Amino acid sequence: MTNQQIAEDVVAKFGENTHSFEEPWGLLTFTTNRQNIISLLEYLKKHETFRFNFLTDLTGIHLPDNQGAEFGVIYHLHSLENNVRIRIKVFLSQDDLHIPTATILWPTANWMERETYDFYGIIFDGHPKLIRILNIEEMDYFPMRKEYPLEDATREDKIDALFGR
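Residues numbered from 1 in each chain as written. Predicted model: local features only at pLDDT ≥ 70, side-chain atom pairs only at ≥ 80, totals over all residues. Heavy atoms only, no water.

Looking at the sheet that holds strand β2 (residues 28–32)
Sheet architecture is open: five strands sit in the order β1-β2-β5-β4-β3, paired in mixed fashion. Strands with a single pairing partner mark the edges of an open sheet, and in this sheet they are β1 (19–22) and β3 (54–62). Looking at each pair of strands side by side, their axes are set apart by 15° on average, direction ignored. Summarising the sheet, strand β4 (residues 71–79) and strand β5 (residues 84–92) pair through nine bridges and their orientation is antiparallel. (Pairing = 2+ DSSP bridges. Helix = DSSP H or I, 4+ residues; strand = E, 2+ residues; numbered from the N terminus. Axes fitted to C-alpha atoms, helices over the stretch in contact; angles between N-to-C directions.)

What to know about the nonpolar core
Residues L41, L44, Y75, L77, I86, I88 and I99 are the most contacted members of the largest nonpolar core, which totals 35 residues. Of all the elements in the fold, those that place two or more residues in this core are α1 (3–14), β2, α2 (37–46), β3, β4, β5 and α3 (109–120). Contacts of L77, omitting those with residues within four sequence positions, involve L41, L44, F52, F54, L55, T56, V84, R85, I86, I88 and W106. (Core = buried A, V, L, I, M, F, W, Y, C linked by side-chain atoms within 4.5 Å. Buried < 20%, exposed > 50% of the residue type's maximum accessible area, 1.4 Å probe, protein only. Contact = heavy atoms within 4.5 Å.)

Points about the pattern of salt bridges
Under the definition given, this model contains five salt bridges. Measuring nitrogen to oxygen at the nearest pair gives 3.0 Å for the salt bridge that ties K46 to E42. With K46 and E42 both in helix α2, this residue pair falls four residues apart, about one helical turn. Assessed through its relative accessible area of 58%, K46 is described here as exposed. (Salt bridge = Lys/Arg side-chain N within 4 Å of Asp/Glu carboxyl O.)

Structural notes on the environment of T18
Structurally, the position occupied by T18 is in the loop between α1 and β1. We classify T18 as buried; its relative accessible area is 6%. Along the sequence, T18 and N83 sit 65 residues apart, while their C-alpha atoms lie 23 Å from each other. Those residues in contact with T18 that sit more than four places away from it in its chain are V10, V11, F30, T31, T32 and L40. Here G15 takes part through its backbone oxygen, which lies 3.1 Å from a polar atom of the side chain of T18. (Polar contact = N/O pair within 3.5 Å; in protein donor to acceptor, adjacent residues only side chain to side chain.)

Here you go:
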């Protein structure tokens, strides 16, 4: 089973709803939309040849300069039988951070989705208990969002030359 075979099969089934196919470090990576993510994941999990039955990881990403698609949810799947891994991306606008839950396919997605919500504020619709998992409930911000400057502009004790700038 090759990445090419998987990509061709996915395109044949989902057409234009899958795009941006690439293979960084040999890892088949592509993008889909939130409307098709659950049916795509279910298809890959139950496919008689592929059998991507292990959700290795589910996480978020914040790309503030990517207008209209500032947030992403990244799924890493592993076919244990075929020893093949793939990555699927779904991008969301900061104005609508809703995506369906994958807990209906993998119960282990529960904690991964809670962590992604906790750090990025992405809402997984249908999640059985979407509450913070590592931070306190009273937090009114999401710490992994890139919404603050990386350096303190008010500091006067730093000399750029000492930091190679």
